Amino acid sequence: MAKKVAFLQGNEAAAHGALYAGCRFFAGYPITPSTEVAEVLSNELPKVGGKFIQMEDEIAAMAAVIGGALGGAKTLTATSGPGLSLKQELIGYACIAEIPCVIYNVMRGGPSTGMPTGPSQSDIMCARWGTHGDHATIALLPASVQECFEMTVQAFNLAEKYRLPVFVMPDEIVGHMRERIEFPEPGEMEVLDRIKPTVPPEQYKPYDTQFGDVPPLASFGSGYKFHVTGLNKLPDGFPTTKADYVQAEEERQIRKVMADVDNIVDFEEYLLDDAEIVVVAFGSTSRSARFAVNEARKQGIKVGMFRIKTVWPFPDKQIKALAGKVKAFITPEMNLGMCTIEVERCAEGKAPVLGIFRVDGEPINPGQILDKMKEVK
Amino acid sequence: MAFDYDKYLRPGKLPHIWCPGCGHGIVMKGMIRAIDTLGLKKENTAIVSGIGCASRLPGYMDCCTLHTAHGRAAAFATGVKMARPEMTVLLVGGDGDGTAIGGNHFIHACRRNIDMTYIIMNNNIYGMTGGQFSPCTPTGAKASTTPYGNPDPAFDVAKLAIGAGATFVARGTAYHANQIDKLITEAIQHKGFSVVEILDDCPTTYGRRNKFKSVIEMMNRLKDIAVPVKAAEKMTPEQLQGKVLTGILYKEDKPEYCEQYAKVIERAQGGAK
């Protein structure tokens, strides 16, 4: 049977990806350039018995998403830069309380109101370090409409599997461009649900590590009574300031992600086998990079692309391995060097990292990348 | 036989953090009696709070409890209620938490008329941080950040709730302990967003700065200023000067949010717009 296809915007595709993943609750606040997600889900969620709510502000939307997740729903919010800044307080809450949810953040210019309709890739560090305190982050960077759908499904799976908020972060170009999308059949893509407790309610502890670094999560209203707080807490969920325990818990909450980094980090290697120059790119910029790589190959330049699909955790291992083999990295990005810092860290001085940075609201074009390739000695 | 509060309290979580003379414990006991009167199941009752002394209440209660971030209780609770409309959702917190940093969430929860009960313990001060003035600190009062007297006017929490669209608004005081459970019981029974403001005191950070000699003096003030709404009807404006009305101040039947959304689902599934 032929696959169901459509001609959709990235944001619309993400909304359909959320539905495919089993999302049944969305809370949001209108913001350009992500509003289409809210619009589609306000239409589609009630059809499948799900709920949509437009909250009074971005913080409230994040709060409702966490509350809904505790009620047992798979939950989503969508936003963009200024909204992402506002949500940080409660992103931290979701991290420490270990509540699965997905934040779809379309990257526009900044800081502050910046360029609401202009593309950017400058929320990379805001996703990683925007909330205060140490915590693990998982953030995915789609580069196509198809990936907006698929990565949203993947983000729900990761959120459910590791009990934390997960980001999907298209730049504005990917969020708003229209492409052909093939919908996977039900069951074709894996859909994961959080691990529920098997112990009886009176024995349940929401942070009981005897079940591993990701403890089972019960839902409110399912017969289990438990306490959730944003304070550092004991396995039973109640606050503690015991030094040893707080240290161990903080480390566990990072380890639960980092110990499984090889299963989380996703990337694309394009013409890397004999590449002497590697363009490290993501999102819409990777589309310019692919074009530039193809053009350069025609001119006999041995160049390939490492496309970042999971920016957090960063693909350290892969970039480190390449650093020993290549003459140079080229890092085009629509910010002033956020991923470049990470590539430099991983390159450990073994290969120069040549950045191409744009924050003028214009995409990085293939010609700029091609020119940079020619600078490599 | 004495009322068995222990049935609703988590074993091993007492003593509470509240100072001697604080009214929050009186409010918690009233809330427990209301839960008992209504026969609510603990596992089907969510108690959601923000940050502050009053917001520590959920930790002592043997229910589904959610201690959120400062001011955010109403927004988190809205998510819980939407996901689990069959649950009884109670919100608790202080005046600073609810009307300053949480003011926006508060008024919008009122406006939506979502079926939850919000118990605001108004002690006119930020107690946990050491006594800074709140939006409910009376003009002229001393706080750690109003050393020359408070220049700000204060919110009337009940009027704010009514103005924002809450469909059940009541006020009690920590002195009138026997009334608290009755107000909370009616608030929970009311279908819609209910606000119960309980005036209580912070002897530690408010009383001492404002020349109250004892907790008893503060309690007597609550006794003196409270006027039941029925009694107030027979009083002149002069007699009501400096008084506060107590009891059920406002009640109205209006469509409730979760029921309204259930109709949205019906319309969506019926293919109509």
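Our subject is the structure listed above.
(A) The pairing of strand β3 (residues 88-94) of chain B, seen in detail. Residues and elements named next belong to chain B. Of all seven residues in β3, seven are buried; the element is thus mostly enclosed. Neither face of β3 is exposed, since T88, L90, V92 and G94 on one face and V89, L91 and G93 on the opposite face are all buried. The sheet contact formed by strand β1 (residues 45-49) and β3 spans five bridges and is parallel. Pairing of V48 across the sheet is with L91, part of β3. The pairing of β3 with strand β4 (residues 117-122) spans five bridges and is parallel. Counted as the bridge partner of V92 is I119 from β4.

(B) Highlighting the sheet that holds strand β3 (residues 51-54) of chain A. Here we have seven strands laid out as an open sheet, ordered β3-β2-β4-β5-β7-β6-β13 (chain A), and mixed in their pairing. The open sheet has two edge strands with one neighbour each: β3 and β13 (310-312) of chain A. The average undirected angle you get between the axes of adjacent strands in this sheet is 25 degrees. For strand β6 (residues 138-140) of chain A and strand β7 (residues 165-168) of chain A, the ladder comprises three bridges, and the chain directions are parallel. Looking at the pairing, I138(A) lines up with V166(A) of β7(A). Set on the sheet, helix α2 (residues 73-83) of chain B makes contact with β2 (23-28) and β3 of chain A; between it and β3(A) the angle comes to about 155 degrees.

(C) α2(B), seen in detail. Most of α2(B) is tucked away: 10 of the 11 residues are buried. Every buried residue of α2(B) is accounted for by A73(B), A74(B), A75(B), F76(B), A77(B), T78(B), G79(B), V80(B), K81(B) and M82(B).

Criteria and thresholds
- Residues numbered from 1 in each chain as written.
- Chains lettered and ligands numbered in written order.
- Predicted model: local features only at pLDDT ≥ 70, side-chain atom pairs only at ≥ 80, totals over all residues.
- Heavy atoms only, no water.
- Buried < 20%, exposed > 50% of the residue type's maximum accessible area, 1.4 Å probe, protein only.
- Helix = DSSP H or I, 4+ residues; strand = E, 2+ residues; numbered from the N terminus.
- Pairing = 2+ DSSP bridges.
- Axes fitted to C-alpha atoms, helices over the stretch in contact; angles between N-to-C directions.
- Contact = heavy atoms within 4.5 Å.

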